[in-house]
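# Structural characterization, general
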Amino acid sequence: IFLFAFGLRIWFLKDLALTFGYDQARDALVSQQILKGDWKILGPPASTPGLYHGVFYYYLLAPAYLFGHGSPLAAAYWIALLNAATVFIVYALGYFMTKKKAVGFVAAILFAVSFEATQYATWLSNPTTSVWSVPLFYLGLWLWTSEKKYYGCILAAIGLGLSIQSEIFLVYHTIPLVIWLWVARKSITKKQLLVFGFSFLLAIGTMLWAEFKFGFKSLAGIKALAVGAEANLAY
């Protein structure tokens, strides 16, 4: 299923079917600056002035531009590979929620052939990483609260943190997190919550670092969202 998914996602790359505009050129430039030792902590700007996504995407692209000698096609193949690998997360989520392998396989196949997923696979933009980080968050949350797996809280924290890194507005996933933890509160220990909190802070560490370094610029963006001053609020 994984190989089929990957092949489907890169089917048209051989014909140079790849969107490469301003955002992609900017990301390629920043990633190659990182390769030259110019470390970054500020990610791509969001649609709301003052808000920035995480820098994780730049570092994720860097190896592809290194081994591809700056070729955007190498980056597209790399992102498509990660997108296709999401079938393993989707399979695990389907299996653990139902205890049926067939459900996991069906879920993985549906993701493999999903039109939306295949379109995201070669879109060189920071939200693409959320295609696998969001399912990772929910897989970790299920393992933590329903399967009583200790490492589930770490997976959930990393998945949520990387999702917010990829698209800052995905912070809304904290709402189902709070609801889920409240429902399962009797089986959750303080130690698990501390491990989750620590892992989450590590996952969004560069975003917090950027806030401290640049004087909490995001506060103005959050205020604009709160009072409805920004016209373009959604992607």
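Scoring rules and cut-offs
- Residues numbered from 1 in each chain as written.
- Predicted model: local features only at pLDDT ≥ 70, side-chain atom pairs only at ≥ 80, totals over all residues.
- Heavy atoms only, no water.
- Helix = DSSP H or I, 4+ residues; strand = E, 2+ residues; numbered from the N terminus.
- Rg over C-alpha atoms; globule rule 2.2 N^0.38 Å.
- Buried < 20%, exposed > 50% of the residue type's maximum accessible area, 1.4 Å probe, protein only.
- Contact = heavy atoms within 4.5 Å.
- Areas by Shrake-Rupley, 256 points an atom, 1.4 Å probe, with all protein chains shown as cover.
- Lys, Arg positive; Asp, Glu negative; His and termini not counted.
- Charge placed at Lys NZ, Arg CZ, Asp CG, Glu CD.
- Phe/Tyr/Trp six-rings, centres within 6.5 Å; stacked < 30°, edge-to-face > 60°.
- Lys NZ or Arg CZ within 6 Å of the ring centre and 35° of its normal.

### Comments concerning the overall build of the protein
In terms of regular secondary structure, the protein is built from 13 helices and 0 strands. The order of helices and strands in the protein, counted from the N terminus, is α-α-α-α-α-α-α-α-α-α-α-α-α. Here the C-alpha radius of gyration of the protein, 19 Å, is about what a compact globule of 235 residues would show, namely 18 Å. Dimensions of the protein, computed from C-alpha atoms along their principal axes, come out at roughly 50 × 45 × 35 Å. Evaluated residue by residue, the protein yields a buried proportion of 46% over its 235 residues. The contacts of the protein with a sequence gap of at least 6 include a subset with a gap of at least 24, amounting to 71%. Carbon and sulfur atoms provide 72% of the accessible area of the protein, an area that totals close to 12600 Å². Both charge centroids of the protein, one from 17 positive and one from 9 negative side chains, sit 15 Å from each other.

### So, the packing of aromatic side chains
Under the definition given, this model contains 12 aromatic pairs. When the centroid spacing of 6.1 Å and the interplanar angle of 10 degrees are considered together, the rings of Trp 39 and Tyr 59 count as stacked. Separated by 20 residues along the polypeptide, Trp 39 in the loop between helix H2 (22-35) and helix H3 (56-67) and Tyr 59 in helix H3 bring together distant segments of the chain. Residue Trp 39 is classed as exposed on the basis of its relative accessible area of 63%. A relative accessible area of 27% places Tyr 59 in the partly exposed class. For the pair Phe 196 and Phe 200, a centre-to-centre distance of 6.3 Å together with 0 degrees between the ring planes defines the contact as stacked. On the criterion of helical spacing, the pair formed by Phe 196 and Phe 200 is a turn pair, its members being 4 residues apart in helix H11 (residues 190-203). Comparing Phe 196 with Phe 200 shows no difference in burial state: the two are buried. Of the aromatic side chains, those joined through ring pairs into one cluster are Tyr 91, Tyr 95, Phe 96 and Phe 105. Above the plane of the ring of Trp 182 lies Arg 185, whose end atom (NZ or CZ) is 4.0 Å from the centre.

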